[in-house]
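Report on the structure
Each chain, written out:
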Amino acid sequence: MAYEPPTHTVERSMRATLGVKVVAGVDEVGRGAWAGPVTVCAAVTGLRRAPEGLTDSKLLTVKRRTALARLLADWVTDHALGHATSEEIDELGMTAALRLAATRALDGLAVRPDAVILDGKHNYLGDAWQVRTVIKGDQSCVPVAAASVIAKVFRDARMAELGTDHIPFGFADNAGYPSPVHRAALEEWGPTRHHRVSWAFMDGLPRWRHLKKIRVLDELDEADGVEQLDLGF
């Protein structure tokens with residue numbers, strides 16, 4: 001299926017109206033997973049024409065996404081990854097964990113960007129950065145799409161590595177997200193140290209419910225509903 005290629009429209013608008021020069025695209029992966037870190041990529045691309053086929057990572061096959069990530073690593077002007085661990089997610093909540101991971105990614109860039117294009121509708125970065133949120137920015141904005149692909153490929157590979165020590169959970173296939181295999185392994189073996197034990201899926205594991213960590217949701221977590229995600233497998 002063909003998709004409209006991403007553009008620099010938002011970045012050009014920010015340059016014209018805000019007077020900024022260096023604009024980073026930021027996207028995350030792992031927000032809705034039961035296990036593993038949340039990973040954020042910050043990418044700076046300038047206004048060059050995007051590589052053919054660049055779009056939201058979720059719309060690409062594994063083969064195409066992996067090949068594109070290799071190309072993008074050299075094509076982008078700059079990029080950096082930031083992560084928040086499952087322990088940090090349990091301790092801080094998803095909104096603060098996203099802010100932490102994104103800040104780590106942005107701080108990892110060679111040059112601090114003047115502004116950020118953030119995928120989605122919520123500005124979880126706060127006032128420390130000049131931010132423009134764009135719904136489906138990972139499909140419509142070049143630097144955000146690049147960040148989307150790089151983050152997805154890196155995190156999937158990381159989850160496959162973690163899965164070598166936890167074979168029944170199928171992390172290489174589900175990347176820590178809900179799936180029947182993942183649910184069955186949780187019921188049999190309980191959560192690993194990579195699981196987000198403050199999340200609602202723990203309520204459906206009678207043998208392991210005592211391991212659940214109780215944390216008060218903050219306002220944006222409640223709005224997103226991410227920590228209540230349970231697909232019923």
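Quick note: structure is the one above.
Reading the values: rules and limits
- Residues numbered from 1 in each chain as written.
- Predicted model: local features only at pLDDT ≥ 70, side-chain atom pairs only at ≥ 80, totals over all residues.
- Heavy atoms only, no water.
- Helix = DSSP H or I, 4+ residues; strand = E, 2+ residues; numbered from the N terminus.
- Polar contact = N/O pair within 3.5 Å; in protein donor to acceptor, adjacent residues only side chain to side chain.
- Salt bridge = Lys/Arg side-chain N within 4 Å of Asp/Glu carboxyl O.
- Buried < 20%, exposed > 50% of the residue type's maximum accessible area, 1.4 Å probe, protein only.
- Pairing = 2+ DSSP bridges.
- Lys, Arg positive; Asp, Glu negative; His and termini not counted.
- Contact = heavy atoms within 4.5 Å.
- Phe/Tyr/Trp six-rings, centres within 6.5 Å; stacked < 30°, edge-to-face > 60°.
- Lys NZ or Arg CZ within 6 Å of the ring centre and 35° of its normal.
- Core = buried A, V, L, I, M, F, W, Y, C linked by side-chain atoms within 4.5 Å.
- Axes fitted to C-alpha atoms, helices over the stretch in contact; angles between N-to-C directions.

1. Overview of the environment of Arg 48
With respect to the helices and strands, the residue Arg 48 is situated in the loop between strand E2 (38-44) and helix H2 (62-75). Considered as a pair, Arg 48 and Arg 132 are 84 residues apart in the sequence and their alpha carbons are 20 Å apart. A distance of 2.4 Å separates a polar side-chain atom of Arg 48 from the backbone oxygen of Trp 75.

2. Details of the pattern of salt bridges
The final tally for this structure, using the stated rule, is 10 salt bridges. With a shortest N-O distance of 2.7 Å, Lys 213 and Glu 91 are connected by a salt bridge. Residue Lys 213 is located in the loop between helix H8 (180-189) and helix H9 (219-224), and its partner Glu 91 is located in helix H3 (residues 86-92); the two are separated by 122 residues in the primary sequence. Judged by its relative accessible area of 51%, Glu 91 falls in the exposed class.

3. Re the pairing of strand E3 (residues 78-84)
Only one face of E3 is buried, namely the one carrying Asp 78, Ala 80, Gly 82 and Ala 84, since none of His 79, Leu 81 and His 83 on the opposite face is buried. When E2 meets E3, the two strands line up antiparallel, connected through 7 bridges. Of the residues in E3, the one forming a bridge with Cys 41 is Leu 81.

4. Details of the side chain of Asp 119
Along the chain, the position of Asp 119 falls in strand E4 (residues 115-119). No salt bridge is formed by the buried Asp 119, whose closest oppositely charged neighbour, Lys 58, lies at an N-O distance of 5.7 Å. Looking at Asp 119, its side chain comes within polar contact range of the main-chain nitrogen of Asp 138, at 3.1 Å. Non-local contacts of Asp 119, meaning those with residues more than four positions away in its chain, are made with Val 26, Asp 27, Val 134, Lys 136, Gly 137, Asp 138 and Val 144.

5. A word on the packing of aromatic side chains
Within this structure, the stated rule accounts for 2 aromatic pairs. Where Phe 169 meets Phe 171, the ring centres are 5.7 Å apart and the plane angle is 35 degrees; that geometry is what we call tilted. By relative accessible area, which is 1% here, Phe 171 ends up buried. We note Arg 112 situated over the ring of Trp 129; from NZ or CZ to the ring centre the distance is 3.8 Å. Its guanidinium or amino end placed over the ring of Trp 199, Arg 196 lies 5.0 Å from that ring's centre, counting from NZ or CZ.

6. Concerning the nonpolar core
Judged by nonpolar contacts, the single largest core of 37 residues is most densely connected at Val 26, Val 38, Val 40, Leu 106 and Tyr 124. Where this core is concerned, the elements lending two or more residues are strand E1 (23-29), E2, E3, helix H4 (94-107), E4, helix H6 (142-163) and H8. A total of 7 residues in this core trace back to one element, the largest contributor, which is H4. Not counting the four nearest positions on each side in its chain, Tyr 124 is found in contact with Val 26, Glu 28, Arg 31, Val 40, Thr 95, Leu 98, Arg 99, Ala 102 and Leu 118. By size, the runner-up hydrophobic cluster in this structure holds 19 residues, among which are Val 29, Leu 60, Trp 75 and Val 142.

7. Some remarks on the sheet that holds strand E5 (residues 131-134)
The strand order E3-E2-E1-E4-E5 describes an open sheet built from 5 strands, whose pairing is mixed. The strands lining the two open edges of the sheet, one partner per strand, are E3 and E5. Across this sheet, the average inter-strand angle for adjacent strands is 20 degrees, counted without regard to direction. With 6 bridges joining them, E1 and E2 adopt antiparallel strand pairing. Residue pairing for E2: Asp 27 is matched across the bridge by Cys 41.

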